[in-house]
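Structural features, examined
Chain by chain, the residues run as shown.
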Amino acid sequence: TGAIGLYNIGQSCCLNSLLQVFLMNIHFTGILRRITVPQRAVQKRRNVPYQMLLLLEEMQCGKQKAVSPIDLACCLSVYRVKLFVQYDAAQLFLTLWNLIKRQMKNPELVEELSYLYTICVQEHLACQKCSFETKKNSSMLTLPLPVLDSSSHVLKTLEDCLKYFFHPEELTDHNMCFCEQCGKKTPFLQSMKLVHLPQTLTIHLKRFCFEKSAYIHKLSHYLPFPQDLDFNAVLTENQCQADDNEKAAWQYELFAVVAHSGSTSCGHYCAYIRSLTECKWYCFNDSEVCQVSWDDVKCTYGHSNLHWGETAYLLIYMKKHPQ
């Protein structure tokens, strides 16, 4: 089943959870298995994709319930990803992904990896006084969704968070932009339009926020997310900049949840992952792996009275019908 645990080797629960999400994704491991193996021993020790491949093989070939990711951790320490440090899962995901991409020598695999994970959006800026408009395409690896609106009101569902993220924003007063056509600062309408969604979509629920005192506060309120997510049913035509073929593939099924429990200063991560070969949910909690139900996964929706409780932090969805 590939449901093998990873020993905690020094506050490595965040790293372990992300590694399990990567290595349980058969689309990712299909790319990983085709990497160019470094020639020299020192290169092998310093190559993140190669060390991930060795870890994957050890997990799949061994008979033990858990294996140690120490060789990969030593490799990552060269690139300032150290043990005995508490990491933010969203930041560590970006760090790992960029290291993997940078160290893959085959351009075709780099392109496949990018296509597997990269979201493409188009940023629009439109002057409200004239017809001047700018458009810029940009890419991102996660959709960083606020869980509160601009008035600090709770957004009640994942779909609400998506709608809010793509909702146009008026830039007025001190936020006005300089309009080349008007020759002065004017009110602008800023909006984001969805252009392309990847096979593996990573959603970052921004549950950690700064308060006025610069204290990082965890937002633990109840926020349900669906097993099946259709972006065509959530976003309006104005929020999309894609053709019908692209939009036809915007139907997703939940693959994994990286959940955080505890406080911002003393927390723990684990991962709930749906096996793509068995279609069963497993909880990967460092060296402990057990089969769970969808009701167990729903326990990560959060609860406003349980600030130390388990709340979903990263949601990983997979396309139902990839192109």
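Remember, it's a predicted structure, so these values are computed and weren't measured experimentally. (Residues numbered from 1 in each chain as written. Predicted model: local features only at pLDDT ≥ 70, side-chain atom pairs only at ≥ 80, totals over all residues. Heavy atoms only, no water.)

1. Examining the packing of helix H4 (residues 48–61) against helix H6 (residues 89–103)
Applicable threshold: With axes taken as lines fitted to C-alpha atoms, and helix axes fitted only over the stretch in contact, angles between N-to-C directions fall between 0 and 180 degrees. Comment: elements are numbered from the N terminus, with helices defined as DSSP H or I runs of at least four residues and strands as E runs of at least two. Each angle receives one of four descriptions, namely roughly parallel if under 35 degrees, roughly antiparallel if over 145, roughly perpendicular if within 65 to 115, and oblique otherwise. The criterion used for residue contact is that any of the two residues' heavy atoms lie within 4.5 Å. Three classes are used: nonpolar for Ala, Val, Leu, Ile, Met, Phe, Trp, Tyr, Cys and Pro, charged for Asp, Glu, Lys and Arg, and polar for all others, with Gly counted as polar.
Viewed as axis vectors pointing N to C, H4 and H6 meet at an angle of 105°, and their least axial separation amounts to 8 Å. It follows that H4 is roughly perpendicular to H6 by the angle criterion. For the pair formed by H4 and H6, the contact residues are Val48, Pro49 and Met52 on the first element and Leu99, Ile100 and Gln103 on the second. When grouped by side-chain class, the residues that make up the contact of H4 with H6 number five nonpolar, one polar and no charged.

2. Thoughts on the environment of Cys14
Selection criterion: Throughout this description, buried means an accessible area under 20% of the type-specific maximum (1.4 Å probe, protein chains only), exposed means over 50%, and partly exposed covers the range between.
Assignment of secondary structure puts Cys14 in helix H1 (residues 13–23). The buried category is assigned to Cys14, whose relative accessible area is 3%. C-alpha separation for the pair Cys14 and Ala73, spaced 59 residues apart in sequence, amounts to 12 Å. When near neighbours in sequence (up to four residues on either side) are disregarded, Cys14 contacts Tyr87, Asp88, Ala89, Leu92 and Tyr269.

3. So, the domain arrangement of the protein chain
Note on interface size: it is often stated as the accessible area lost on association of the parts. So the rule is basically this: Where each domain starts and ends comes from a domain assignment, either automatic or drawn from a database. Note on definitions: buried area is the accessible-area loss of two parts on being combined, 1.4 Å probe, summed for both. The rule for a salt bridge is simple: a side-chain nitrogen of Lys or Arg has to be within 4 Å of a carboxyl oxygen of Asp or Glu.
For the protein chain, the domain assignment lists domain 1 (1–118) and domain 2 (142–170 + 200–322). On a C-alpha basis, the centres of domain 1 and domain 2 stand 23 Å from each other. Each side of the interface is counted separately: domain 1 has 31 residues, and domain 2 has 29 residues. Summed over both partners, the interface of domain 1 with domain 2 comes to about 2,300 Å²; 65% of that surface belongs to carbon and sulfur atoms. Between domain 1 and domain 2 we count one salt bridge in total.

4. Overview of the environment of Thr29
Defined as follows: For this analysis, a polar contact is any N or O atom pair within 3.5 Å, provided that within protein one partner can donate a hydrogen and the other can accept it, and provided that sequence-adjacent residues contribute only side-chain to side-chain pairs.
Summarising the element assignment, Thr29 is placed in helix H2 (residues 26–32). For Thr29, a relative accessible area of 7% translates into the label buried. Taking the C-alpha atoms as reference points, Thr29 and Met52, separated by 23 residues in sequence, lie 9.5 Å from one another. Those residues in contact with Thr29 that lie beyond four places of it in its chain are Phe22, Leu23 and Leu56. One polar contact links the side chain of Thr29 to the main-chain carbonyl oxygen of Ile26, over a distance of 3.3 Å.

5. Quick word on helix H7 (residues 107–117)
Side chains three or four residues apart in an α-helix point the same way, a direct result of the helix having 3.6 residues per turn. Selection rule: In this description, the arc belongs to the directions extending from the helix axis to the C-beta atoms.
Those residues of H7 lying buried are Leu109, Val110, Leu113, Ser114, Leu116 and Tyr117. Seen along its axis, H7 keeps its buried residues to an arc of 160°; they face one direction. H7 presents Pro107, Glu108, Glu111 and Tyr115 as exposed residues on the side facing more than 90 degrees away from its buried surface. In this structure, the buried side of H7 is in contact with H1, H2, H6, strand E3 (119–127), strand E4 (133–140) and strand E10 (200–206).

6. Quick word on unusual backbone geometry
Backbone geometry places Phe84, a non-glycine residue, at a positive phi of 60°. Relative to the helices and strands, Phe84 resides in the loop between helix H5 (70–77) and H6. Judged by relative accessible area, Phe84 falls into the exposed class, the value being 61%. Phi at Ser152 is positive, roughly 65°, even though this residue is not glycine. Tracing the sequence through the fold places Ser152 in the loop between strand E5 (143–146) and helix H8 (158–165).

7. A look at the environment of His217
Looking at the element boundaries, His217 is found in strand E12 (residues 216–218). For His217, a relative accessible area of 24% puts it in the partly exposed group. In this structure, the C-alpha to C-alpha distance between His217 and Ser265, residues 48 residues apart in sequence, is 9.8 Å.

8. Overview of the pairing of E5
For clarity, the threshold we go by: Strands pair, by our definition, only if DSSP identifies at least two bridges between them.
On E5, burial follows the alternation: Leu143 and Leu145 on one face are buried, whereas Pro144 and Pro146 on the facing-out side are not. Here E5 pairs with E10 via four bridges, running parallel. Along E10, the bridge assignment pairs Pro144 with His204.

9. Some remarks on the pairing of E3
Among the nine residues that make up E3, seven are buried, leaving the element largely enclosed by the rest of the structure. Two elements, E3 and E4, share eight bridges in a ladder whose sense is antiparallel. Bridge pairing in E4 places Glu123 opposite Lys136. Counting the residues in the hairpin turn of E3 and E4 gives five residues. Where E3 lies against strand E9 (residues 188–196), eight bridges are found, and the strand directions are antiparallel. The partner of Ala126 across the bridge, within E9, is Leu189.

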